[in-house]
Amino acid sequence: DEEIHLLEAADDACTSVIVDSITCQQYICYSSTFQVPAFYFSLHGSSGAPLSLEIIAASPLFYASALPDSRRTTFALETSDSAFAMLSQGDHPTLNTPCWYLHPCHTAEVVDEIMREVACEEDGHGLRWLEAWFMMLGNVVDLRWGHECT
Amino acid sequence: MTTYARHSPSAFSTTASTTLFRRLTWEGTVPLEIRVDSKELPANSDRGLECYYVQAPRVSYLPLVVPELKRFLMDVVFDEAAARVVKEEDWWFEGEDGTTLKWHWPIGLIYDNYTITSSVRSTPSSSQTAAPLRLVLHLASPPTDRLLLSPSAESCKQAFMGQMKEADFIRWGNTKRMTGLRKAEQDGLWEGIREHNFDEYWRVASKVTPTTAPTRSQSPPPGNSTSLHTRPPSADPNTGSAPDRDGAYNVRSVPVRIYLPEGPVLQDLVPPNLDDGLPHTLGSFLSTHLPLLFPPSSSDPPFQDLAYPLIQGVVAPLDAEVAWLGACMAGADGWVNVCIGLLRDR
């Protein structure tokens, strides 16, 4: 079980929307279906209520350029070039709590492409793969958000 | 119709039996007894009549039961004032034991999960008949720390389509079969569930669901299996016939999830055949993942049956082949949900 509870960030007034503080919980979970790590998260406002997809998509958590022309429904954020929704609701695989997650269906191909550019020895492969995964994730999600405010 | 009697491990691999089991799975229903939380009943409502009974299809979903439930409550329980403020998006269901029911789970799974949870709690009923699942309907303030957002029929459809595509990916490593469907066909899958129409659902599902029968050009109309000529199953290595490209035994993994009582959901690769070439059985799969509950051999402790696997409400035999289960007893979303119940001391 490769779940890593990354961070809890309370962020004051970094967004200009109705909430004055946001709690973000981020997780890395193993996707049994796609056999790669997947990024799960939840975003709550000051009252504890989960934020809507509209606010999530507009939040500093995501780079605006990373969420292209997409169709937003109550359940998910879909893009035209993928069978799966890019951002979707789902139960956390072990905590069983409701979360959002970045769909891992294209992870393997994207990371493999990065890995092809990187020369590495056999025994560093796993770590390099994870680093490449973080690179890929870091292009979509601002992993530093919440830290610079403290 | 000519049926080959074979000494192959796959005894049930004719087109007719596949259709039979699919139909039995589809027609499965569970009794629900739904009552509105008495604290939330509008002031002028007619108490005493607020209990709604429904025999719900296992392959359906709670948001699809809501419309008929709403009609009943409007007619019988709510007065005009109350009816005007009703907001189904805020409705949510709770089990007798206080568990919040997941609206994106098929109703059959909710029921079986409740059965196995009961098997670990106080003395289970020894009755053979299925007891109604008693649900409490709340009309407001869904617990967002336990439920996904926006439980509408449309969200349910999206969740369903996501599961179908994931199942497709598990089987073949890509989703070409699902994405190859026209939009109208994809919608047809959900419409089949909404209207509980076997033919409408399987008209499309037969294009993406692996079959155990060699002829896969179309799913035969139920009851009319005399029109097809069956050949020996291609899973048999002795026939020398061309392998069935979309056959259940050629998938790379069967979409299976294991549900433990009050516990996590387990998922792992489930190859249709083992390294020795023999079909992968349910017992072998469970012994691998839950060896203490399903010991690999009778010479291992605890020397007695501790648990049982429940699939579509049926205690499945351990020698059932997982490939067959994937083709014949999966839910409408493509997944074989195995609920593990515990046997109490006798």
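Residues numbered from 1 in each chain as written. Chains lettered and ligands numbered in written order. Predicted model: local features only at pLDDT ≥ 70, side-chain atom pairs only at ≥ 80, totals over all residues. Heavy atoms only, no water.

(A) Just the pattern of salt bridges, in detail. Residues and elements named next belong to chain B. According to the stated counting rule, one finds 17 salt bridges over all chains in the structure shown. Close ionic contact of Asp 37 with Lys 39 constitutes a salt bridge, the shortest N to O distance being 3.5 Å. By relative accessible area, which is 73% here, Lys 39 ends up exposed. Through salt bridges with shared partners, a single network forms among Glu 33, Arg 35, Glu 96 and Arg 134. (Salt bridge = Lys/Arg side-chain N within 4 Å of Asp/Glu carboxyl O. Buried < 20%, exposed > 50% of the residue type's maximum accessible area, 1.4 Å probe, protein only.)

(B) A look at the domain arrangement of chain B. Residues and elements named next belong to chain B. Each assigned domain of chain B is listed with its residue range as follows: domain 1 (2–26 + 247–342) and domain 2 (28–147). Opposite the 19 residues of domain 1 that make contact, domain 2 presents 15 residues. Here domain 1 packs against domain 2, burying approximately 1,400 Å² in sum over the two surfaces, 62% of which is carbon and sulfur. The three residues of domain 1 that bury the most area against domain 2 are Trp 26, Tyr 259 and Glu 262, which together make up 29% of that side's buried surface. Counting every contact that joins domain 1 to domain 2 gives zero salt bridges. There are five residue pairs in polar contact (both at pLDDT 80 or more) connecting domain 1 and domain 2. Listed by contribution, the elements that provide at least two residues to the side of domain 1 that touches domain 2 are helix H1 (15–27), strand E7 (307–311) and strand E9 (336–342). In terms of residue count, E9 provides more of the side of domain 1 that touches domain 2 than any other element does, five residues in total. (Domains from an automatic or database assignment. Contact = heavy atoms within 4.5 Å. Buried area = accessible area lost by both parts, 1.4 Å probe. Polar contact = N/O pair within 3.5 Å; in protein donor to acceptor, adjacent residues only side chain to side chain. Helix = DSSP H or I, 4+ residues; strand = E, 2+ residues; numbered from the N terminus.)

(C) Representation of helix H4 (residues 107–120) of chain B. Its 14 residues place the ends of H4 of chain B 21 Å apart at the C-alpha level, agreeing with the 20 Å of an ideal helix rising 1.5 Å per residue. Most of H4 of chain B is tucked away: ten of the 14 residues are buried. (Expected span 1.5 Å × (residues − 1).)

(D) Main features of the sheet that holds strand E8 (residues 314–315) of chain B. Residues and elements named next belong to chain B. Read across the sheet, five strands follow the order E6-E5-E9-E7-E8 without closing on themselves; strand pairing throughout is mixed. Of all strands in the sheet, those bounded by a partner on one side alone are strand E6 (265–266) and E8. The sheet contacts of H4 involve strand E5 (256–259), E7 and E9, and relative to E9 the element is tilted by about 20°. Where helix H9 (residues 282–289) meets the sheet, its contacts fall on E5, E7 and E9, and the angle it forms with E5 comes to roughly 55°. (Pairing = 2+ DSSP bridges. Axes fitted to C-alpha atoms, helices over the stretch in contact; angles between N-to-C directions.)

(E) View of the confidence of the model for chain A. On average, residues of chain A score 80 in pLDDT, and 80% of them are at 70 or above. Of the regions scoring below 50 in pLDDT, residues 1–17 of chain A engages in 42 contacts with residues more than four places distant in sequence or in other chains. (pLDDT = per-residue confidence, 0-100.)

(F) Just the sheet that holds strand E2 (residues 51–57) of chain B, in detail. Residue and element names in this part refer to chain B. The four strands lie next to each other as E2-E1-E4-E3, forming an open sheet whose pairing is mixed. Only two strands of the sheet have a single partner each, and these edge strands are E2 and strand E3 (92–95). Mean inter-strand twist for the sheet, computed between neighbouring axes without regard to direction, equals 35°. Examined bridge by bridge, strand E1 (residues 29–36) and E2 share seven bridges and lie antiparallel to one another.

(G) The interface of chain A and chain B, seen in detail. Contacts between chain A and chain B engage 22 residues on the former and 27 residues on the latter. In total, about 1,900 Å² of surface goes out of reach between chain A and chain B, with carbon and sulfur atoms giving 56% of it. Seen at the junction of chain A and chain B, the total is one salt bridge. Note that Asp 91 of chain A and Lys 102 of chain B form a salt bridge whose closest N and O atoms lie 3.5 Å from each other. Counting every contact that joins chain A to chain B gives nine residue pairs in polar contact (both at pLDDT 80 or more). Within the residue set of the side of chain A that touches chain B, elements represented by two or more residues are strand E5 (76–79), strand E6 (87–91) and strand E7 (98–102) of chain A. When grouped by side-chain class, the residues that make up the side of chain A that touches chain B number eleven nonpolar, nine polar and two charged. (Nonpolar A, V, L, I, M, F, W, Y, C, P; charged D, E, K, R; others polar.)

(H) Geometry of helix H2 (residues 107–117) of chain A. Residues and elements named next belong to chain A. Among all positions of H2, only Thr 107, Val 111, Ile 114 and Met 115 are buried. An end-on view of H2 places all buried positions within 100° of arc, on one side of the element. Exposed residues lying more than 90 degrees from the buried face of H2 are Glu 113, Arg 116 and Glu 117. The elements touched by buried residues of H2 are strand E3 (36–44) and helix H3 (125–138). (Arc of directions from axis to C-beta.)

(I) How the structure looks around the nonpolar core. Ranked by size, the top nonpolar core spans 38 residues in total, and within it Phe 41, Leu 43, Phe 62, Leu 87 and Leu 102 of chain A carry the most contacts. Listing elements by their share of this core, those giving two or more residues are strand E2 (21–31), E3, helix H1 (53–58), E7, H2 and H3 of chain A. When sequence neighbours within four positions are dropped, the list of residues in contact with Leu 87 of chain A reads Phe 41, Leu 53, Ile 56, Phe 62, Ala 76, Leu 77, Trp 100, Tyr 101 and Leu 102 of chain A. If you look at the next biggest cluster of nonpolar residues, it comprises 35 residues, including Leu 41, Val 86, Tyr 111 and Tyr 308 of chain B. (Core = buried A, V, L, I, M, F, W, Y, C linked by side-chain atoms within 4.5 Å.)

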